[in-house]
Amino acid sequence: MTLIATPQSMHFEQPLALASGASVRAYDLSYETYGQLNAQRNNAVLICHALNASHHVAGVYLDAQGQLLPRSQGWWDNMIGPGKPLDTDRFFVIGVNNLGSCFGSTGPMHRHPETGQIYGADFPVLTVEDWVHAQARLLDRLGIEQLAAVMGGSLGGMQALSWTLQYPERVRHAVVVASAPNLTAENIAFNEVARRAIVTDPDFHGGHFYRHGVLPKRGLRIARMIGHITYLSDDVMNEKFGRELRAVAGQLTAGRPYQFTTQDIEFEIESYLRHQGDKFAEYFDANTYLLITRALDYFDPARAHGGDLARAFAAARAQFLLVSFSTDWRFSPKRSRELVKALLDNQRDVSYAEIDAPHGHDAFLLDDPRYTAVVRSYFDRVSL
Amino acid sequence: MNQASASADLQTLAALVPTGSRVLDLGCGTGELLSYLMRERGCSGYGVELDDANVQACVARGVNVIQLNLEEGLALFADSSFDVVLQIDTLQHLRNAEVMLRETARVGRTAIVAFPNFAHWPNRLAVLRGRMPVTKVLPYQWYDTPNIRVGTLRDFRALAQRNQLRILDEFGLQEGRPVRWWPNARASRAVFKLQRGS
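Residues numbered from 1 in each chain as written. Chains lettered and ligands numbered in written order. Predicted model: local features only at pLDDT ≥ 70, side-chain atom pairs only at ≥ 80, totals over all residues. Heavy atoms only, no water.

A. Seen up close, the pattern of salt bridges. A full pass over the atoms with the stated rule returns 28 salt bridges over all chains. Note that Glu192 of chain A and Arg195 of chain A form a salt bridge whose closest N and O atoms lie 3.2 Å from each other. One end of the pair is Glu192 of chain A and the other is Arg195 of chain A, both in helix H3 (residues 185–199) and 3 residues apart, which spans about a single turn. Owing to a relative accessible area of 7%, Arg195 of chain A belongs among the buried residues under this scheme. Residue Arg370 of chain A is joined to Asp52 of chain B by a salt bridge in which the shortest nitrogen-to-oxygen separation is 3.6 Å. Residue Arg370 of chain A is found in helix H11 (residues 369–381), and its partner Asp52 of chain B is found in helix H3 (residues 52–61); the two belong to separate chains. (Salt bridge = Lys/Arg side-chain N within 4 Å of Asp/Glu carboxyl O. Helix = DSSP H or I, 4+ residues; strand = E, 2+ residues; numbered from the N terminus. Buried < 20%, exposed > 50% of the residue type's maximum accessible area, 1.4 Å probe, protein only.)

Now the structure itself:
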């Protein structure tokens, strides 16, 4: 049965105080729900998204004529839906677009309710904790006191972790995939290169490019290209592209293997990265990219406890499933094991699966039978 | 091992674990023993397992499981963080068996170790006949066995002493029954209960 998704929006009049001391005035959150909230209201599962995803987690959209919109599957549709590992026949699943994002919720391309100006670079800096507070308000309005589970991958996993610390009584289970207790210096470095690519694009105009009728697409493309490299593994890139040359008609004559060009595409990997960059620059907002990567950099629940992650997780009451992937070097198994250790030190219920998958960080969005089976088995045990 | 004696073995081993203990089960397989301890003896804790299918089976049973290669040690677990650490039919697969024995005693206040006893008389007989034994407890041919450490009750006693481990109890297991008289010859499996400090 095809799951049809319907985006919804919730308006919040009360300002949201942020970690920075600033606040967001009135705002909207885009969200979708799948399945039915049961009578006891205890079967809700919140899905938190990573950098470039949205509230459209599962299902497909219909067009104005009621026809299935091609390629409109939600970003975690392989994981979530009727009969899927997170089964929407049993659970009421909520996808929410975070504040500052560019897929419907209030963000930098929206207008400040008082000044009427587009926020642009003036949109307040956000943290994972701010997002969680905003999500909690959405749940309040949906009449959900306690989540059966909160689930996310990568940056979404950080939000799931943060839920168990900020609202320990409101979460029974946390499913945290390919995540980390904080970013390493190398990870922050990658984010910074991406941000510099955007900020130094002449079309960025200090983040107020909307006024100039331009978009800093060059910067966004490069940011995406860098990001994409880090989401894959060396092996999978070699397997997919290797040293394959992009076929150009009439070019490959004997004895002349290359085009001998420094600026045109020569290798398939270049073509792929440029394509990914172009696609991304068409739909993603530059200020959102800066905000979200900064939220990633800032996340560090141990910091308030002198760097002691175990002390940070003393507050958690949830049961945990953690999953990592062996070839993920951006959010490596080592980082997930730090989380496992912190939970073990607090005698929390935790299971940890380390999936030997070749796909790097991207594996958390792909179908691996070992991964999906563990998630399915875990949710089967979540009592309602 | 048939079903009945396997489940009798499980109950015998479970009886060594005090009620309400915090347990770490190293090489917990599908989580059967831990699940039994949780259900029947009010225990809590974690299994450690390497195999993907076993990890999934543990999760499906509702047993906490940590996917980890024991050859990498037990750095995740703090000193004396468990009442009981189990190593049931795990030792014989470990390259670092001695290190793991020390680690087991570090992490647990008590350790329970069970493994196939190579000195069981049918094994001795097979070797006397000039062949490596293939039995219910040691069902593999010599050239494809995962049991890279084969030892006897007496061998293990010596290893425990070498590592300043105090033996609280030792016996054999045969067809689901404890063997306390001449277990080194009469039992296919060896069981030890240990503590740090000789």
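B. Inspection of empty space enclosed by the protein at higher detail. If you walk through the whole model with that rule in mind, you get 2 cavities of 30 Å³ or more. Lining of the largest cavity is provided by Gln92, Phe115, Pro116, Asn117, Phe118, Leu138, Asn147, Arg149, Val150 and Gly151 of chain B. A breakdown of the residues in the lining of the largest cavity according to their chemical character gives 5 nonpolar, 4 polar and 1 charged. Put simply, the parts of the chain that give the lining of the second largest cavity at least two residues each are H3 and helix H5 (217–231) of chain A. By residue number, the principal contributor to the lining of the second largest cavity is H5 of chain A, which donates 4 residues. In terms of residue class, the lining of the second largest cavity is made up of 7 nonpolar, 2 polar and 1 charged. (1 Å grid on protein atoms, 1.4 Å probe; cavity = no way out; pocket = protein on both sides within 12 Å on 5 of 7 lines; lining within 4 Å. Points joined across faces, edges and corners; volume = space filled by probe spheres on them. Nonpolar A, V, L, I, M, F, W, Y, C, P; charged D, E, K, R; others polar.)

C. Quick peek at the layout of surface pockets. Its boundaries defined by the atoms lining it, the largest pocket holds a volume of some 1200 Å³. Around the largest pocket, the lining comprises 36 residues; the ones closest to its centre are Asn52, Trp75, Arg224, Tyr283 and Leu365 of chain A. If you list the elements that add at least two residues to the lining of the largest pocket, you get H5, helix H6 (234–240) and helix H7 (268–283) of chain A. Of the residues assigned to the lining of the largest pocket, the class counts are 17 nonpolar, 13 polar and 6 charged. In this structure, the second largest pocket occupies an estimated 1000 Å³ of space. If you go around the second largest pocket, you meet 38 residues; those closest to its centre are Gly27, Cys28, Gly29, Ile88 and Asp89 of chain B. In terms of residues, the lining of the second largest pocket owes the most to one element, helix H1 (residues 3–15) of chain B, which gives 6 residues. Classifying every residue of the lining of the second largest pocket gives 17 nonpolar, 13 polar and 8 charged.

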